[in-house]
Amino acid sequence: MSAPSISFVDVHDDVALAAWHGAESASVNHERPLALQRSLPALTASVQHPSAFVRRVLLAARRDGEVVWARRSSS
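About the cut-offs
- Residues numbered from 1 in each chain as written.
- Predicted model: local features only at pLDDT ≥ 70, side-chain atom pairs only at ≥ 80, totals over all residues.
- Heavy atoms only, no water.
- Pairing = 2+ DSSP bridges.
- Helix = DSSP H or I, 4+ residues; strand = E, 2+ residues; numbered from the N terminus.
- Axes fitted to C-alpha atoms, helices over the stretch in contact; angles between N-to-C directions.
- Contact = heavy atoms within 4.5 Å.
- Buried < 20%, exposed > 50% of the residue type's maximum accessible area, 1.4 Å probe, protein only.
- Arc of directions from axis to C-beta.
- Polar contact = N/O pair within 3.5 Å; in protein donor to acceptor, adjacent residues only side chain to side chain.
- Expected span 1.5 Å × (residues − 1).

A. Looking closely at the sheet that holds strand S1 (residues 5-8). Pairing within the open sheet is antiparallel, and its three strands lie in the order S1-S2-S3. Pairing within the sheet leaves two strands with one partner each, and these edge strands are S1 and strand S3 (66-74). Shown here is a sheet whose adjacent strand axes are inclined to one another by a mean of 25 degrees, direction ignored. In the sheet, strand S2 (residues 56-63) pairs with S3 via eight bridges, with the strands oriented antiparallel. Across the sheet, the residue bridging to arginine 63 is glutamate 66, located in S3. In the packing of helix H1 (residues 14-31) onto the sheet, contacts are made with S2 and S3, and the angle to S3 comes to roughly 90 degrees.

So this is what it looks like as structure tokens:
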């Protein structure tokens, strides 16, 4: 098993965005099974059409091509 590599997610790459969303959803479900989550279309809209007031950055850790960690940062 290789070490994970962390990189920015290209928010215009639908496959990468879906993989990021899947990892985030798995993490939320593990910690809070009854939590409401945003849908992939809602995430896509929020990152592909950003606010003039908030910058959103998505980071993903990949191991052997699979997203194993997802982090969203806003500033």
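B. Layout of helix H2 (residues 40-48). Along H2, the positions that sit buried rather than exposed are Leu43, Thr44 and Val47. Buried positions in H2, seen along its axis, are confined to an arc of 100 degrees and lie on one side of it. Against H1 and S2 lie the buried residues of H2. Backbone nitrogen of alanine 42 and a side-chain oxygen of the N-cap are separated by 3.1 Å at the start of H2; the cap is serine 39.

C. Broad picture of H1. Its 18 residues give H1 an end-to-end C-alpha distance of 26 Å, which sits within 8% of 26 Å, the value for a rise of 1.5 Å per residue. All of the buried residues in H1 are Ala16, Leu17, Trp20, His21, Ala23, Glu24, Ser25 and Val28. Looking at the buried side of H1, the elements it contacts are H2, S2 and S3. Its side-chain oxygen at 3.1 Å from the backbone nitrogen of valine 15, aspartate 13 defines the N-terminal cap of H1.

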